[in-house]
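Structural overview
In case you want the letters, here they are:
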Amino acid sequence: MERVQKIMAEAGIASRRKCEELIKEGRVKINYAIVKLGDTASFSDKITVDGKLIKKEEKVYIMLNKPVGYVTTVSEQHGMKTVMRLIKVKERLFPVGRLDKNTEGLLLITNDGELSNRLMHPSKEVWKKYEVWLSKPFKSLEKIKKGIVIDRVKVQPRIKSIRGKTVVLEIHEGRKHIVRKMFGNMGYNVTKLRRTQIGPLKLGKLGKGTWRYLKKYELKGLMFKR
Ligand code: URA
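To start, this report covers the structure provided alongside it. Computed from a prediction, not measured in an experiment: that's the story for all the values here.

Turning to the packing of helix α3 (residues 113–120) against helix α6 (residues 216–223), a few remarks are in order. Here α3 crosses α6 at 55°, and the two axes come no closer than 10 Å. With respect to their mutual orientation, α3 and α6 come out oblique. Within the contact between the two elements, α3 uses Leu115, Arg118 and Leu119 and α6 uses Leu219, Leu222 and Met223. Split into classes, the residues belonging to the contact of α3 with α6 amount to 5 nonpolar, no polar and 1 charged.

And the structure:
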């Protein structure tokens, strides 16, 4: 048994909070009886909103090659375009984690809250790979190897390659602006940033601004990630 608002949100009706409002407004019924906030039910119950039966929504998993200029929120605020504009599907989806407006590359988009929580949980943060372009050649290998302290927490990336002004690295955490802050701390400006991998999931040759559904083996890889 689950709270009715949780079942409604999973069915793609609206966010959990919005669903609570619908319940408070008396618009939700189970087997013809009006639901009260706090009531529980299961998917086999006949739950209706404004008389319309709700159905469990299929789980959807999408990878997007995010272009620069889009924010990774669901609703548009302050006139900023969100990545959700680039994906036209009937399900209510959300991005897993965040990328800065001026970061491009791999973004996972889904309606699977459980997988999202699992991938984002601090104790289970997966390794993410980034290509970093700098304003000058990178010459601080020893420093970065020792780890860079950002807001009193040490970040220890895995350096994959260094070629002049470009660095490829993997990082195990998801704090806001973490890559830019790390290089800023060492005296470098990041001029371009692209994420190419999340755990076992690779961006590959997906065109900028385009998306595709994950393949079965890709999803399995993410599901069984630790
Ligand atoms: N680190 C950043 O600084 N920005 C991103 O978008 C992702 C990681």
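Position of Phe94 relative to the elements: it lies in strand β8 (residues 94–95). The exposure class assigned to Phe94 is partly exposed, which follows from its relative accessible area of 27%. Residues Phe94 and Trp127 lie 33 residues apart in sequence; the distance between their C-alpha atoms is 20 Å. Excluding anything up to four places from it in sequence, Phe94 contacts Val74, Met84, Leu108, Ile109, Thr110, Asn111, Asp112, Gly113 and Ser116.

In terms of nonpolar packing, the biggest core is built from 30 residues, with Ile109, Val132, Leu169 and Phe183 touching the most fellow members. For this core, the secondary-structure elements that each account for two or more residues are β7 (61–66), β9 (103–110), β10 (128–134), β11 (148–150), β14 (166–171), α5 (178–185) and β15 (190–198). When residues of this core are assigned to their parent elements, the largest contribution, 4 residues, is made by α5. Taken domain by domain, this core gets at least three of its residues from each of domain 2 (61–122 + 201–223) and domain 3 (127–198). Non-local contacts of Val132, meaning those with residues more than four positions away in its chain, are made with Lys165, Thr166, Val167, Leu169, Val179, Phe183, Val190, Lys192 and Leu193.

Every residue close to the ligand is listed here: Leu99, Asp100, Thr103, Tyr130, His177, Ile178, Val179, Arg180 and Leu193. Within the contact set of the ligand, a nitrogen atom lies 2.7 Å away from a side-chain nitrogen or oxygen of Asp100. Within the backbone of Arg180, one N or O atom sits 3.0 Å away from an oxygen atom of the ligand. In the complex, the protein chains occlude 97% of the 240 Å² of accessible area that the ligand would expose alone. Here the residues of the shell around the ligand are counted per class, giving 5 nonpolar, 2 polar and 2 charged.

So, on to the side chain of Glu57. Of note, Glu57 is situated in the loop between β6 (52–53) and β7. Of the side chains bearing the opposite charge, Arg92 lies closest to the buried Glu57, which forms no salt bridge; the N-O distance is 6.1 Å. At 3.1 Å, the side chain of Glu57 forms a polar contact with the side chain of Asn111. What Glu57 contacts, discounting residues up to four positions off in sequence, is Glu10, Ala11, Gly12, Glu91, Arg92 and Asn111.

All right, on to the sheet that holds strand β5 (residues 47–49) then. Within a beta sheet, neighbouring strands are joined by backbone hydrogen bonds and run either parallel or antiparallel to one another. As summarised here, the arrangement of the 4 strands in space is β3-β2-β5-β6, forming an open sheet in which the pairing is antiparallel. What marks the edges here is a single partner per strand, and that holds for β3 (33–34) and β6. Where strand β2 (residues 28–30) and β3 come together, 2 bridges link them in antiparallel fashion. When the bridges of β3 are listed, Ile30 appears paired with Ala33.

Turning to the packing of aromatic side chains, a few remarks are in order. Counted under the stated rule, the structure contains 3 aromatic pairs. A ring pair is formed by Phe138 and Phe183, whose centres lie 5.6 Å apart and whose planes are at 70°; its orientation type is edge-to-face. Separated by 45 residues along the polypeptide, Phe138 in the loop between β10 and α4 (141–146) and Phe183 in helix α5 bring together distant segments of the chain. Neither Phe138 nor Phe183 differs from the other in exposure class; each is buried. Where Phe138 meets Tyr188, the ring centres are 5.1 Å apart and the plane angle is 50°; that geometry is what we call tilted. Pair noted here: Phe138 is in the loop between β10 and α4 and Tyr188 is in the loop between α5 and β15, with a separation of 50 residues, a long-range link.

About the thresholds
- Residues numbered from 1 in each chain as written.
- Predicted model: local features only at pLDDT ≥ 70, side-chain atom pairs only at ≥ 80, totals over all residues.
- Heavy atoms only, no water.
- Axes fitted to C-alpha atoms, helices over the stretch in contact; angles between N-to-C directions.
- Helix = DSSP H or I, 4+ residues; strand = E, 2+ residues; numbered from the N terminus.
- Parallel < 35°, antiparallel > 145°, perpendicular 65-115°, else oblique.
- Contact = heavy atoms within 4.5 Å.
- Nonpolar A, V, L, I, M, F, W, Y, C, P; charged D, E, K, R; others polar.
- Buried < 20%, exposed > 50% of the residue type's maximum accessible area, 1.4 Å probe, protein only.
- Core = buried A, V, L, I, M, F, W, Y, C linked by side-chain atoms within 4.5 Å.
- Domains from an automatic or database assignment.
- Near = heavy atom within 4 Å.
- Polar contact = N/O pair within 3.5 Å; in protein donor to acceptor, adjacent residues only side chain to side chain.
- Areas by Shrake-Rupley, 256 points an atom, 1.4 Å probe, with all protein chains shown as cover.
- Lys, Arg positive; Asp, Glu negative; His and termini not counted.
- Salt bridge = Lys/Arg side-chain N within 4 Å of Asp/Glu carboxyl O.
- Pairing = 2+ DSSP bridges.
- Phe/Tyr/Trp six-rings, centres within 6.5 Å; stacked < 30°, edge-to-face > 60°.

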